[in-house]
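# Coordinate analysis (summary)
What follows is the residue order along each chain.
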Amino acid sequence: MIIGVLKEPEHETRVAVLPEHIAAYQKRNLSIRIEAGAGSAAWASDAAYTAAGATVSSRTDILAAADILLSIHLLTTADLAIVRPGTVLLGVFQPLYHITAMAELAAKGITVFSMDMIPRTTRAQSMDVLSSQANIAGYKAVLLAAGLLPHYFPMFMTAAGSIPPARVLILGAGVAGLQAIATAKRLGAVVEVFDTRPAVKEEVMSLGARFVEVEGAADAAAAGGYAVEQSQDFQQRQQARIAESVAKADIVITTAQIPGKKAPLLVSTAMVESMRAGSVIIDIAAATGGNTPLTQNDATIEHQGVRIVGASNLAGTLPSDASKLYGKNILNFLPLVTTAEGQLNLNFADDIVKGSCITHGGELIHDKTKSLATSQLPVGAAQ
Ligand code: NAD
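Worth saying up front: this structure is predicted, and the values here are computed from it rather than measured.

### Thoughts on the side chain of Arg-14
Tracing the backbone through its elements, the reader meets Arg-14 in the loop between strand S1 (2-5) and helix H1 (22-27). Within the structure, the side chain of Arg-14 is placed 2.8 Å from the side chain of Glu-12, a separation counted as a polar contact. In terms of polar contacts, Arg-14 uses its side chain to reach the side chain of Gln-133, at 2.8 Å. Not counting residues up to four positions away in its chain, the partners in contact with Arg-14 are Glu-8, Ile-72, His-73, Gln-133, Asn-313, Ala-315, Gly-316, Pro-319, Ala-322 and Ser-323.

Okay, structure coming up:
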């Protein structure tokens, strides 16, 4: 079977397969056909792919010939005109935010797997692209903030005077937030953390950070460990408590997201204005609206001396390791949908296959995407 690997759009530096992954594909009787220049932004040359056993080819050829297409981002309409019905498309498509595109892919008979929909279970950990990429985002958020902050991170006692440690506030202690805590602590900052899931308190404390507690958060247990929307009363108490910490922070790193929904607004304009000039906010939730009302996605703005960085793809700023880990996530997933002889084998009894498959056989089959699509269709529209 032919696995086609596409060059990502201009703004993306990552690639789904690196030369070092190709031997593993060959072992499973899968041959790699990769678009010319696909790995260049991740420092992988066409020559390196060829030397590893891949065939470098044109985009049109790959779109027409591949049985499985690997692409991190969604394809263009022009691309889709070439893809054959029955082709499998595998990437990170955020289907809950791209319902119309998913319905179009279904109508074209393309089978779509979205790696961000893989259940967050122990068995799926090695395929969890959200974790592998969020880990990078948390690390880079702190480095980015350290580069912008006009202060040291660690405490210093020098002959010229003493420097207090930087104060970092992290909102959301998921994968990105936990890595941000670890990185900020390594650099010597004093770190405070807030999350609506009390389950993360112990992890936060074991990393040496202080956990800010607000009583009465809605129970996230039924949402597979994800956060859920909170009551009005909780949000008000949470805002008051966060405001105290924001005013004292040199750096705020916000990572709070709710799958399929707009990110919660946690840091108000008034809170931003309470921060000292020179302070920095890195908003990792920028792609889903941001955790501040001032955040602009993929842009840095300055508001009354506070810089707010809307960072939706920090993983892309570490393209070699981000591609290495993403590529391994894909390699770990492929045995669930292909045989050792290199044939397609979709077993929907497997919860990981079922959970990540969005379209198949001309239909939207992913429960959550389907129910969102149904609720968004105008009354009387064909479903
Ligand atoms: P995420 O990116 O969805 O959200 C980031 C964090 O923001 C979460 O910790 C969330 O609780 C928090 N948050 C949401 N709303 C908030 C609010 N109003 N105020 C403060 N914080 C808020 O999170 P994620 O990193 O993708 O992790 C989501 C879940 O998946 C977690 O339970 C995590 O432990 C779990 N997980 C499981 C696996 C696995 O077993 N395969 C791997 C990684 C993560």
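Next comes the rest of the account.
### Here's the deal with a nonpolar patch on the surface
Taken together, the side chains of Tyr-139, Leu-143 and Leu-187 define a hydrophobic patch exposed on the protein surface, amounting to about 210 Å² of accessible area. Taking relative accessible area as the criterion, Tyr-139 reaches 31% and is therefore assigned partly exposed.

### Some thoughts on the domain arrangement of the chain
Domains assigned within the chain are domain 1 (2-109 + 319-376) and domain 2 (134-317). Inter-centroid distance (C-alpha atoms) of domain 1 to domain 2 is 33 Å. Listed as interface residues are 10 residues of domain 1 and, on the opposing side, 10 residues of domain 2. Carbon and sulfur atoms make up 54% of the surface buried where domain 1 meets domain 2, a total of about 700 Å² over both sides. Summed over the shared surface of domain 1 and domain 2, the number is zero salt bridges. Scanning the region where domain 1 abuts domain 2 turns up five residue pairs in polar contact (both at pLDDT 80 or more). The dominant element in the side of domain 1 that touches domain 2, judged by the number of residues it contributes, is helix H11 (residues 319-333), at four residues.

### Some points on the pattern of salt bridges
Here the structure, examined in full by the defined rule, presents 17 salt bridges. A salt bridge links Arg-241 to Glu-244; the shortest N-O distance between them is 3.6 Å. One end of the pair, Arg-241, and the other, Glu-244, are both in helix H9 (residues 232-248), three residues apart, so they sit about a helical turn from each other. In this structure, Arg-276 and Asp-250 form a salt bridge, with 2.7 Å as the shortest nitrogen-oxygen distance. Taken together, the positions of Arg-276 in the loop between helix H10 (269-273) and strand S13 (280-283) and Asp-250 in the loop between H9 and strand S12 (251-254) put the pair 26 residues apart, joining distant regions of the chain. Overall, the relative accessible area of 44% leaves Arg-276 in the partly exposed class. Given the relative accessible area of 7%, Asp-250 is considered buried.

### Description of the pairing of strand S10 (residues 190-194)
Working note: regular strand, side chains alternate between the two faces of the sheet. Across the five residues of S10, four count as buried, placing the element largely inside the fold. Across five bridges, strand S9 (residues 167-171) lies against S10 in parallel orientation. Within S10, the residue paired with Leu-169 across the bridge is Glu-192. Handedness of the β-α-β unit built from S9, helix H7 (residues 175-186) and S10 comes out right-handed. Pairing analysis gives two bridges linking S10 to strand S11 (residues 210-211), with the strands arranged parallel. Within the sheet, the bridge partner assigned to Val-193 lies in S11 and is Phe-211. As a crossover connection, the stretch from S10 through helix H8 (residues 201-206) into S11 is right-handed.

### Description of the sheet that holds strand S6 (residues 111-114)
Neighbouring strands of a sheet are bound in pairs by backbone hydrogen bonds; such pairs are parallel or else antiparallel. Pairing in this open sheet of eight strands is mixed, and the strands run S3-S2-S1-S4-S5-S6-S16-S17 from one edge to the other. With partners counted over all chains shown, the strands left at the sheet margins are strand S3 (55-57) and strand S17 (363-364), one partner each. When S1 meets strand S4 (residues 68-70), the two strands line up parallel, connected through three bridges. Its bridge partner lying in S4, Gly-4 is registered against Leu-69.

### Quick notes on empty space enclosed by the protein
A full pass over the atoms with the stated rule returns one cavity of 30 Å³ or more. The computed volume of the largest cavity comes to approximately 60 Å³. In terms of lining, the largest cavity is formed by Arg-167, Val-168, Leu-169, Val-190, Val-191, Glu-192, Ser-245, Lys-248 and Ala-249. Broken down by secondary-structure element, the contributors of at least two residues to the lining of the largest cavity are S9, S10 and H9. For the lining of the largest cavity, the residue count by class is five nonpolar, one polar and three charged.

### Re the nonpolar core
One finds Tyr-25, Ile-32, Leu-70, Met-115 and Phe-333 to be the most contacted residues of the largest nonpolar core, which totals 37 residues. Listed by contribution, the elements that provide at least two residues to this core are S1, H1, strand S2 (31-35), S4, strand S5 (88-91), H11 and helix H12 (351-356). Among the elements that make up this core, the one with the highest residue count is H11 (four residues). For Tyr-25, the residues in contact, after removing those within four places along its chain, are Ile-3, Val-17, Leu-30, Ile-32, Leu-70, Ile-330, Leu-331 and Leu-334. In terms of nonpolar packing, the next biggest core, distinct from the first, is built from 31 residues, Leu-178, Val-191, Ala-209 and Val-309 among them.

Rules used in this analysis
For every chain, the first residue of the written sequence is number 1, and numbering continues from 1 onward in sequence order. With pLDDT at 70 or above as the cut-off, local features in this predicted model cover only qualifying residues; side-chain atom pairs require 80 or more to be listed or tallied, and sums for whole chains, interfaces and linings still use all residues. Excluded from the side-chain calculations are hydrogens and water; all other atoms, namely the structure's heavy atoms, are used. In this description a helix means any DSSP run of H or I spanning at least four residues, a strand means any run of E spanning at least two, and both kinds are numbered starting from the N terminus. Distance and chemistry together define a polar contact, namely a pair of N or O atoms within 3.5 Å, with one atom able to donate a hydrogen and the other to accept it when in protein, and with adjacent residues in sequence counting only for side-chain atoms on both sides. Whether two residues are in contact is decided by their heavy atoms, any of which lying within 4.5 Å being enough. Within the patch definition used here, like charges are joined within 9 Å and nonpolar side chains (Val, Leu, Ile, Met, Phe, Trp, Tyr) within 5 Å, considering only residues with over 30% relative accessible area and no salt bridge. Each accessible area is a Shrake-Rupley estimate made with a 1.4 Å probe; only the visible protein chains count as cover when residues are assessed. A pairing counts as a salt bridge when a side-chain nitrogen of Lys or Arg comes within 4 Å of a carboxyl oxygen of Asp or Glu. Exposure is judged per residue with a 1.4 Å probe applied to protein chains only, and the accessible area is read against the type maximum: over 50% gives exposed, under 20% gives buried, and values in between give partly exposed. Residue ranges labeled as domains rest on an automatic or database domain assignment. What gets called buried area is simply the loss in accessible area from a 1.4 Å probe that two parts show on being joined, summed for both. Strands are labelled as partners when DSSP assigns at least two bridges between them. Convention used here: a crossover is right-handed provided that the path from the first strand, over the helix, to the second strand proceeds clockwise when the strands point away from the viewer. Definitions used for this entry: grid spacing 1 Å over protein atoms alone; cavity, a set of points where a 1.4 Å probe fits but cannot get out; pocket, an open set with protein on both sides within 12 Å along at least 5 of 7 lines; lining residue, one with an atom within 4 Å of a point. Grid points are joined across faces, edges and corners, and a volume is the space filled by probe spheres set on the points. By the convention adopted, Pro, Cys, Tyr, Trp, Phe, Met, Ile, Leu, Val and Ala count as nonpolar, Lys, Arg, Asp and Glu as charged, and the other residues, Gly among them, as polar. Nonpolar core, defined: a set of buried Ala, Val, Leu, Ile, Met, Phe, Trp, Tyr and Cys residues in which side-chain atoms within 4.5 Å join the residues together.

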